[in-house]
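Spelled out, the chains give:
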Amino acid sequence: MNSIKTVLKGVFSQKTRAVLTGVSTLCAAAIITCLVAFYHTATDFMSDEIDRINLGTKIHLHIMSGEDSTQQLTYADYQQHIQGQFRPYNTVASKTQHTDVQLNIKDQQNGFYENVITNAEYAETFQIEMNEGRFFNKLDHPYNRFVVIGHEIAESLRENNPDKPLDTMFIGTNEYKILGVIKEAARGMFFGWHRTNTTMFTFLNHADSGNIPIDQVSIQVSNPDDCPKISAQLTSILSDKFPGVRYQIDDMGKTAQDLKSYLFKIRLVFCVIGFVSALVAGVNICNSMFAIIAERSKEIGIRLAIGASAFQVKSLLTAETGTVCLLSSMLGVAVGEAISGLLVDYIEWEYRWTIESSAIGFLLINIISILSCYIALRKINRMNPITAIQNTQ
């Protein structure tokens, strides 16, 4: 108990120094904790996205159609020259347009949503999961009007028509049967995985759809190492059969590799910022300790003169500074976690608390505090008690 009183007395005798040391430690602990927590959330988010990409790595062919027929790739062209060339991989053709949806017929409320006209292979190629009903398949009659809708469209229809079952909807002036509702998809950081939530899908496999120009072909590749070969084969087909078509090929396997390199860069940036923050805190603590030794040299000299060892004096001063750093780092960890949570919420990610981030921030700043104290307190080993009492050193 006497030891605790002695430590607290020493802390309160240097209120200004204690406050400055505490603020510095708090800020450093908050920054380090925030960086570790935010890094953990960001890298987890990116790792999940890399896993989703690798789960169904795709080659995307984007067609920039022109007015002339030689500048277009039709669904019939796709069936003849592309669809059967990449077995056993799944291939899918689609045409994207934006369409008015009547959310509430009575109040004339409309919504403007993306409409993907595609074939039955889309669900398997893009790993579409259904929340209600099903996705259309090859056995569905081509002339039936039906639609598969995303989660947000379904919620809007339910909100605007609370008394009506979710079985039909109007696209433009035509009524469509709702075949299924897609399960809510996670938000994507780089390639818009959440796009499915606000998209509706209609059937492309109509008997008269052969002349419809398509704007995208996607090929699911199970092995990312095959992506360059598939891209080269697709380029060869387009150059040979459709020289007038303008296009762009996106390799999602390469996107996954790029994300991995981004992870390394993020790790490096966070480590540098954390190191600088810890270094600033350490320098401040060390400087404060030198100032405390200079200001309390007479007290230190008296303790040494009456028989206290240099180790005991250093232990006392270390305990005083350690108490301030301990309390400040605990508060700093809480502040850092709160800031990280706000940042994650602001950019609409999922906050994931882990004890590692708090533990790393707490332990790191306290270890730095002890090391900083040790560097400064070595001066006591060379201190002459008589000179210290006279305060002439």
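## What to know about the pairing of strand S9 (residues 216-220)
With five of five residues buried, S9 is to be regarded as a mostly interior element. Relative to S9, strand S1 (residues 58-64) runs antiparallel, the two being bridged by five bridges. Note on S9: the bridge partner recorded for Leu61 is Val217. Pairing geometry for strand S2 (residues 91-104) and S9, over four bridges, is antiparallel. Across the sheet, the residue bridging to Ala93 is Val217, located in S9.

## Considering helix H6 (residues 227-241)
End to end, H6 covers 21 Å across 15 residues, agreeing with the expected 21 Å (1.5 Å per residue, within 8%). Here H6 has its buried residues at Cys227, Ile230, Ser231, Leu234, Ile237 and Leu238. Buried residues in H6, looked at end-on, bunch into an arc of 125°, giving them a common side. Among the exposed residues of H6, those oriented more than 90 degrees off its buried face are Pro228, Lys229 and Asp240. Contacts from the buried residues of H6 go to S1, helix H3 (75-82), S9, strand S10 (246-251) and helix H7 (252-295).

## Here we look at the pairing of strand S8 (residues 199-203)
Both faces of the sheet carry side chains from a regular strand, because those side chains alternate between them. In terms of burial, S8 is largely enclosed, as five of its five residues are buried. Both faces of S8 are covered, namely the face carrying Thr199, Phe201 and Phe203 and the face carrying Met200 and Thr202. Of the strand pairs in this sheet, strand S5 (residues 146-149) and S8 are connected by three bridges, and their pairing is antiparallel. Within S8, the position partnered with Val148 by the bridge is Phe201.

## Some points on the packing of aromatic side chains
Using the criterion set out here, one finds eight aromatic pairs in the structure. Aromatic side chains Tyr122 and Phe201 sit 4.9 Å apart centroid to centroid with 50° between the ring planes, which places their arrangement in the tilted category. Taken as a pair, Tyr122 in helix H4 (residues 122-125) and Phe201 in strand S8 lie far apart in primary sequence, 79 residues in all. A single burial state applies to Tyr122 and to Phe201, both of which are buried. Here Phe136 and Phe146 contribute two aromatic rings whose centre-to-centre distance is 5.8 Å and whose plane-to-plane angle is 45°, an arrangement assigned as tilted. Of this pair, Phe136 sits in the loop between strand S4 (130-133) and S5 while Phe146 sits in strand S5, placing them 10 residues apart in sequence. Put simply, the rings of Tyr122, Phe135, Phe136, Phe146, Phe201 and Phe203 pair up and form one aromatic cluster.

## Side note on the environment of Tyr113
Counting through the fold element by element, Tyr113 comes out in strand S3 (residues 109-118). Separated by 87 residues in the primary sequence, Tyr113 and Met200 place their C-alpha atoms 7.4 Å from one another. Other than its neighbours up to four places away in sequence, Tyr113 contacts Gln97, His98, Thr99, Val101, Leu103, Ile153, Ser156, Thr198 and Met200. A distance of 3.4 Å separates the side chain of Tyr113 from the side chain of Ser156, its partner in a polar contact.

## Topic: the confidence of the model for the protein chain
When pLDDT is averaged along the protein chain, the result is 77, and 84% of the positions lie at 70 or above. When pLDDT is averaged over each helix and strand of the protein chain, the minimum, 54, is found for helix H1 (residues 2-13) and the maximum, 90, for S5.

## Focus on the nonpolar core
By size, the foremost hydrophobic cluster in this structure holds 23 residues, and its most contacted members are Ile82, Ile214, Val217, Ile219 and Leu234. Counting only elements with at least two residues in this core, the list comes to S1, H3, S9 and H6. Looking at which element gives the most residues to this core, the answer is H6, with five residues. Excluding its chain neighbours within four sequence positions, the residues that come into contact with Leu234 are Ile59, Leu61, Ile82, Phe86, Ile219 and Ile249.

## Brief notes about the packing of helix H9 (residues 310-346) against helix H10 (residues 355-377)
When two helices pack together, their arrangement is captured by the angle between the axes and the distance separating the axes. Contact geometry of H9 with H10 gives a least axis separation of 9 Å together with a crossing angle of 155°. Between H9 and H10, the angle is such that the two are roughly antiparallel. As H9 packs across H10, the resulting crossing turns out to be right-handed. Of H10, the residues touching H9 (which contributes Lys314, Leu317, Thr318, Thr321, Cys325, Leu326, Ser329, Met330, Val333 and Glu337) are Ser357, Ser358, Gly361, Phe362, Ile365, Asn366, Ser369, Cys373 and Leu377. A breakdown of the residues in the contact of H9 with H10 according to their chemical character gives nine nonpolar, eight polar and two charged.

## Section: the pattern of salt bridges
Taken as a whole, this structure holds five salt bridges when the rule is applied. Of the charged contacts in the structure, one is a salt bridge between Lys164 and Asp167, with a shortest N-O distance of 3.4 Å. Under the relative-accessibility criterion, Asp167 is labelled partly exposed at 36%. A single salt-bridge network, built from bridges that share partners, covers Glu132, Glu155 and Arg158.

Cut-off values and rules
- Residues numbered from 1 in each chain as written.
- Predicted model: local features only at pLDDT ≥ 70, side-chain atom pairs only at ≥ 80, totals over all residues.
- Heavy atoms only, no water.
- Buried < 20%, exposed > 50% of the residue type's maximum accessible area, 1.4 Å probe, protein only.
- Helix = DSSP H or I, 4+ residues; strand = E, 2+ residues; numbered from the N terminus.
- Pairing = 2+ DSSP bridges.
- Expected span 1.5 Å × (residues − 1).
- Arc of directions from axis to C-beta.
- Contact = heavy atoms within 4.5 Å.
- Phe/Tyr/Trp six-rings, centres within 6.5 Å; stacked < 30°, edge-to-face > 60°.
- Polar contact = N/O pair within 3.5 Å; in protein donor to acceptor, adjacent residues only side chain to side chain.
- pLDDT = per-residue confidence, 0-100.
- Core = buried A, V, L, I, M, F, W, Y, C linked by side-chain atoms within 4.5 Å.
- Axes fitted to C-alpha atoms, helices over the stretch in contact; angles between N-to-C directions.
- Parallel < 35°, antiparallel > 145°, perpendicular 65-115°, else oblique.
- Left-handed = near helix turned anticlockwise from the far one by under 90°.
- Nonpolar A, V, L, I, M, F, W, Y, C, P; charged D, E, K, R; others polar.
- Salt bridge = Lys/Arg side-chain N within 4 Å of Asp/Glu carboxyl O.

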